[in-house]
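Coordinate inspection notes
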Amino acid sequence: MRVVDSHLHLWDPTYLTYRWLEGDLNSAFAAEQLLDDQIEDVDEQVAIFVQADPVEKQAIDEVRWVDSIALESGVVAIVAGARLDRGRKTVKHLDELAAYDRVVGVRHLLQGEKDGFARTSAFLEGARAVESRGWTFDACVREHQISDVTALAEAVPGLRIVLDHMGKPAVGTDDAPLRPTSQWRWDIAQLARHPQVYVKLSGLPAEAGGRWDEDQLEPFLDVVAKEFGEERIMWGSDWPVSAMTSSDDGGEDFFMEGMRDDWCHTVAQWATDRGLDVDKVLWSNALDFYGIR
């Protein structure tokens, strides 16, 4: 089995500033830590780094740092941080990113923006600048914002988009599971009508607060597979965010080594059980989407 982790984060607070880190996450998760948390029983594994949201002025510094540790981390491509609503400043930023060969796409975190932000003229101008470079766009939204991603796909049909974390649906926990809602199902179906859009099978463990099992999450995987097919879905770990879990007494979240491996093999077994091409889901779809050869 070969694995491309299509959604890997790396960070080190001694190099860059991350205002959102807290608890166990507020420490280094870089090459050394990743090598201690590899996926087991696979023939080959590489990763695509996705920006980890340092302060905005350090976006280029983040790319430079990840590029410097890419070989030891198994990182074959970088999805860089970029605000797309800044007009000429956006274009200048994209030009600076183009100096790094591993950069294949960008992410402007939409989950923290107001609903409809991805439909604004300023954002769409930036999205077209990304498209003109042949780069991809990672759309990280909450489930009520999926329709904004659909609108983006309609407005910029040449832009290859991947929906991070399946749009972050509410999944509950292993002892209080939730089912896919009709609204989420409908939004996923509408998004899937656009052939340039893919979906990452990632982030659901984090949405469950680290307390999940196969029976709880497979119904969500089934919906996405039905709508997008085996050609447009890809596995991602969302490491180390999705490796956090809460204690039984409801105390502070803590990092759980091995969760990355568990999620990978859970998705691999699910794909096998559904008769999907496991190599596409875990390997070639991510390489094709990001244009990695």
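Located above this text is the structure these notes cover.
Keep in mind it's a predicted model, so treat the numbers as computed, not measured. (Residues numbered from 1 in each chain as written. Predicted model: local features only at pLDDT ≥ 70, side-chain atom pairs only at ≥ 80, totals over all residues. Heavy atoms only, no water.)

The next thing to look at is the overall build of the chain. Each helix and strand in the chain was counted, giving 11 helices and 12 strands. Its C-alpha atoms give the chain a radius of gyration of 18 Å, within 12% of the compact-globule value 19 Å for 293 residues. With the C-alpha coordinates of the chain rotated into their principal frame, the extents come out at 50 × 40 × 35 Å. Looking at the chain residue by residue over its 293 residues, the buried ones come to 57%. Restricting the contact set of the chain to residue pairs at least 6 apart, pairs at least 24 apart contribute 81%. Surface exposure of the chain reaches about 12,500 Å², of which carbon and sulfur atoms provide 45%. Averaged over its 29 positive side-chain charges, the chain has a centre that lies 10 Å from the centre of its 54 negative ones. (Helix = DSSP H or I, 4+ residues; strand = E, 2+ residues; numbered from the N terminus. Rg over C-alpha atoms; globule rule 2.2 N^0.38 Å. Buried < 20%, exposed > 50% of the residue type's maximum accessible area, 1.4 Å probe, protein only. Contact = heavy atoms within 4.5 Å. Areas by Shrake-Rupley, 256 points an atom, 1.4 Å probe, with all protein chains shown as cover. Lys, Arg positive; Asp, Glu negative; His and termini not counted. Charge placed at Lys NZ, Arg CZ, Asp CG, Glu CD.)

Let's shift gears to the sheet that holds strand 3 (residues 75-81). Here 8 strands make up an open sheet; going across it, the order is 1-2-3-4-5-6-9-10 and the pairing parallel. Unpaired on one side and paired on the other, strand 1 (2-8) and strand 10 (233-235) mark the two borders of the sheet. Sheet twist, expressed as the mean angle between neighbouring strand axes with direction ignored, is 25°. Looking at chain direction, strand 3 and strand 4 (residues 103-107) are connected through 4 bridges and run parallel. Bridged to I78 within strand 4 is V103. (Pairing = 2+ DSSP bridges. Axes fitted to C-alpha atoms, helices over the stretch in contact; angles between N-to-C directions.)

In this section: the nonpolar core. Formed by 87 residues in total, the largest nonpolar core has its most connected members in L97 and F137. Once residues within four sequence positions are removed from consideration, F137 is found in contact with L84, V106, R107, H108, L110, F123, L152, L159, R160, I161 and V162. Among the nonpolar cores identified, the runner-up in size contains 16 residues, and V46, V162, Y198 and W283 belong to it. (Core = buried A, V, L, I, M, F, W, Y, C linked by side-chain atoms within 4.5 Å.)

This paragraph deals with the pattern of salt bridges. Within this structure, the stated rule accounts for 19 salt bridges. One salt bridge connects E218 with R274, and the closest N-O pair in it is separated by 3.5 Å. Residue E218 is located in helix 9 (residues 214-228), and its partner R274 is located in the loop between helix 10 (259-273) and helix 11 (278-290); the two are separated by 56 residues in the primary sequence. On the basis of relative accessible area, E218 is assigned to the buried category, the value being 15%. One salt bridge connects E227 with K226, and the closest N-O pair in it is separated by 4.0 Å. Given the relative accessible area of 28%, E227 is considered partly exposed. Classification of K226 as exposed rests on a relative accessible area of 68%. (Salt bridge = Lys/Arg side-chain N within 4 Å of Asp/Glu carboxyl O.)

A few words now on the pairing of strand 6 (residues 160-163). Note on strand geometry: in a regular strand, side chains alternate between the two faces of the sheet. In this sheet, strand 6 lies alongside strand 5 (residues 136-139) in parallel orientation, the contact comprising 4 bridges. Across the sheet, residue D138 finds its bridge partner in strand 6, namely V162. Note that the unit made of strand 5, helix 6 (residues 146-155) and strand 6 has a crossover that is right-handed. Of the strand pairs in this sheet, strand 6 and strand 9 (residues 197-201) are connected by 3 bridges, and their pairing is parallel. Note that in strand 9 the partner of L163 across the bridge is V199. (Right-handed = clockwise from strand over helix to strand, strands pointing away.)

Geometrically, the link from W239 to P240 is a cis peptide bond, its omega value of 0° lying close to zero. Even without glycine at this site, D53 takes up a positive phi of about 60°. Mapping D53 onto the fold places it in the loop between strand 2 (44-50) and helix 2 (59-68). Residue M166 is not a glycine yet carries a positive backbone phi of 60°. When its relative accessible area of 0% is taken as the criterion, M166 is described as buried.

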